[in-house]
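Below, each chain spelled out in residue letters.
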Amino acid sequence: MRYRPQLGLGVVIPLAYVLPAWCLQPLFDVPADTIVGTGIDVKVAVGASCLILYCFLPRRTIPLKFVPADVAVLALMAVHLASELVNRGPLGLALGRIYVEWYLPFVAGRLAIQSRRDVAVLRPLVAGLAMALAAAALVEAFTNVNVFEIVFGARPVEGFDRDVRRWNMERAYGPTMHPIYFGVVQVLLLGWTSLAAFRAYRRQVSPWWILAWLPSVLGICATGSRGPILAIGVSLIVAVFFQVRRARWPLIGVLIASSLLVSTQWNSLVSSLESWANETKQADTKIAIGEEAVSQSGTRNRLNLLEVYRIAILRSGLLGYGTDAVTGFPINVPLGPHEAETIRQVKYIDNEYVLITLRFGYLGLVAFIAMGLASVGQFFYVANRYRGQTPQWLCTCLGATTVGVLVTLLTVWMPHEIGFPLMWTCGISSGLLVAHIKGDLGSGAHR
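Keep in mind that what you see is a predicted model, and the values were worked out from it rather than measured.

1. Comments concerning the pattern of salt bridges
Here's step 1: Under the counting rule described, the total for this entry stands at six salt bridges.
Here's step 2: For Lys43, the salt bridge identified is with Asp41, shortest N-O distance 2.8 Å. Of the two residues examined, Lys43 and Asp41, each falls in the buried class.

In structure tokens, the structure reads:
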């Protein structure tokens, strides 16, 4: 009431989605090894309440102009609904999932930033939130004390050991159900701390902010998850690509050369990743891929997913098998005799692109990728029109970390702990583009 309704969304939603995933009101039964999707959690309850309240508050604004990411999200929602109907899923449950997974976080992000003033208010808040999460991760890594469990009760064990060590430290779970989820959330928030550092470098805020990115990086490392750590490097490369025009062609050349090098040194690279995560003993175990026995490890299992689920992917068609078929592990999709035995050992589909193909088919995969590319493209477009200004740095940082997360989804599926902040960030990309078109991001736009 004191400021503007969109700032209420912008302030409350990030606070809600970093609260523990296990704080929820169960509504229905799911497989015993998971609590994901069993009811309404804090971020859903708060987000839904805020969107309803937003419609009735004075001075609300609802930009109705559609931009590419909006169209891609609508397409993804339509495919989701069609898939559930074709696979005879309950209509009411399907509509609820569509609202919670896609619509709510995307629209909340789209409404949160509608002008340059909104950026000024949210910037220190989200950056401070990111550093607080990083501090919690470091405390957990070195003391094995999860501060969220002290306040909100013990985290349920969901198919993983409660305490997992890597690199001589405890892997930090934070408010999520797995360390890699916590790492991915912090990668998305790294964009905000990097923005604070950019502004401190330009002497626009206190010089102390120039180190804001460091806690975020350390917090990501404290999760002991390789995917989010590698996402830091990906985000840095993309940020340079966004920010420095003269570096773009050299970076493309380096990317091509690196791809060729990786293809020639593939086995050595995989062995190095296994050694990095202390998986060398696990790699001595064999699993069947078709009629061939191959080494098993966390790294190799991810690389073998396409082959393990090849038959199911080929038969998934345009609309896939629906949500119920891929809920719980092992999933209920058609497999060959060898693969059916293998998934008892390789239960988890640690690749969102494989999982969404099985769930929503080829159309779902295309729509999901289109949403990610459209969101990154919108960040890139706006960044190029505000050279040397805050909107450019904001779009550079958020676009770069979004790319980092989209790459990381090759190594992990997308639970709600990841999906909510990712969709919120994609929504921000649409909000910024609409604000640019309306001329609300400040002077200096090149229309």
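2. Remarks on empty space enclosed by the protein
Here's step 1: A full pass over the atoms with the stated rule returns two cavities of 30 Å³ or more.
Here's step 2: The computed volume of the largest cavity comes to approximately 60 Å³.
Here's step 3: As for the largest cavity, its lining consists of Tyr17, Val18, Leu19, Lys43, Leu133, Pro175, Thr176, Phe182, Val185 and Glu417.
Here's step 4: When its volume is computed, the second largest cavity comes out at roughly 40 Å³.
Here's step 5: Along its surface, the second largest cavity is lined by Pro63, Arg110, Ile113, Gln114, Gly431, Val434, Ala435, Lys438 and Asp440.
Here's step 6: Broken down by element, the lining of the second largest cavity gets its largest block of residues, four residues, from helix α18 (residues 416-438).
Here's step 7: For the lining of the second largest cavity, the per-class residue count stands at four nonpolar, two polar and three charged.

3. A closer look at a nonpolar patch on the surface
Here's step 1: Together, Val139, Val145, Val147, Ile150, Val151 and Phe152 make up a nonpolar patch on the protein surface, roughly 480 Å² of accessible area in all.
Here's step 2: The dominant element in the nonpolar patch, judged by the number of residues it contributes, is helix α6 (residues 147-152), at four residues.
Here's step 3: With respect to the helices, strands and loops of the structure, Phe152 is situated in helix α6.

4. Focus: the packing of helix α5 (residues 116-143) against helix α17 (residues 390-408)
Here's step 1: Direction vectors running N to C along α5 and α17 enclose 60 degrees, while the axes themselves pass 11 Å from each other. It follows that α5 is oblique to α17 by the angle criterion. Considering how the two elements wind past one another, α5 and α17 form a crossing that is left-handed. Where α5 approaches α17, its residues Arg116, Val119 and Arg123 are matched on the opposing element by Thr390, Pro391 and Leu394.
Here's step 2: For the contact of α5 with α17, the per-class residue count stands at three nonpolar, one polar and two charged.

5. Digging into unusual backbone geometry
Here's step 1: Positive phi values are uncommon outside glycine, yet Arg59 reaches one of about 65 degrees.
Here's step 2: Here Arg59 is to be found in the loop between α2 (42-54) and α3 (68-86).
Here's step 3: Classification of Arg59 by relative accessible area gives exposed; the value is 52%.
Here's step 4: Positive phi values are uncommon outside glycine, yet Asn144 reaches one of about 60 degrees.
Here's step 5: Inspection of the secondary structure puts Asn144 in the loop between α5 and α6.
Here's step 6: On the basis of relative accessible area, Asn144 is assigned to the partly exposed category, the value being 37%.

6. Topic: helix α9 (residues 226-243)
Here's step 1: Look at α9: 26 Å from first C-alpha to last across 18 residues, which is about the 26 Å you get at 1.5 Å a residue.
Here's step 2: Along α9, the residues classified as buried are Arg226, Gly227, Pro228, Ile229, Ala231, Ile232, Ser235, Val238, Ala239, Phe242 and Gln243.

7. Considerations on the confidence of the model for the chain
Do not read the fine detail of predicted coordinates wherever pLDDT is low.
Here's step 1: Looking at the chain, the pLDDT average stands at 84 and 83% of residues meet or exceed 70.
Here's step 2: Model confidence for the chain, summarised as mean pLDDT per element, is weakest for strand β5 (residues 286-289) at 55 and strongest for α3 at 96.

8. Points about the side chain of Arg359
Here's step 1: Its location among the elements puts Arg359 in helix α16 (residues 352-383).
Here's step 2: Of the residues examined, Arg359 reaches a relative accessible area of 12% and is grouped as buried.
Here's step 3: Within polar-contact distance, the side chain of Arg359 engages the side chain of Glu101 at 2.7 Å.
Here's step 4: Ignoring any residue separated from it by four or fewer positions in sequence, one finds Arg359 in contact with His80, Ser83, Glu101, Leu319, Gly320, Tyr321, Gly322, Thr323 and Val326.

Analysis parameters
- Residues numbered from 1 in each chain as written.
- Predicted model: local features only at pLDDT ≥ 70, side-chain atom pairs only at ≥ 80, totals over all residues.
- Heavy atoms only, no water.
- Salt bridge = Lys/Arg side-chain N within 4 Å of Asp/Glu carboxyl O.
- Buried < 20%, exposed > 50% of the residue type's maximum accessible area, 1.4 Å probe, protein only.
- 1 Å grid on protein atoms, 1.4 Å probe; cavity = no way out; pocket = protein on both sides within 12 Å on 5 of 7 lines; lining within 4 Å.
- Points joined across faces, edges and corners; volume = space filled by probe spheres on them.
- Helix = DSSP H or I, 4+ residues; strand = E, 2+ residues; numbered from the N terminus.
- Nonpolar A, V, L, I, M, F, W, Y, C, P; charged D, E, K, R; others polar.
- Patch = residues over 30% accessible without salt bridge, like charges linked within 9 Å, V, L, I, M, F, W, Y side chains within 5 Å.
- Areas by Shrake-Rupley, 256 points an atom, 1.4 Å probe, with all protein chains shown as cover.
- Axes fitted to C-alpha atoms, helices over the stretch in contact; angles between N-to-C directions.
- Parallel < 35°, antiparallel > 145°, perpendicular 65-115°, else oblique.
- Left-handed = near helix turned anticlockwise from the far one by under 90°.
- Contact = heavy atoms within 4.5 Å.
- Expected span 1.5 Å × (residues − 1).
- pLDDT = per-residue confidence, 0-100.
- Polar contact = N/O pair within 3.5 Å; in protein donor to acceptor, adjacent residues only side chain to side chain.

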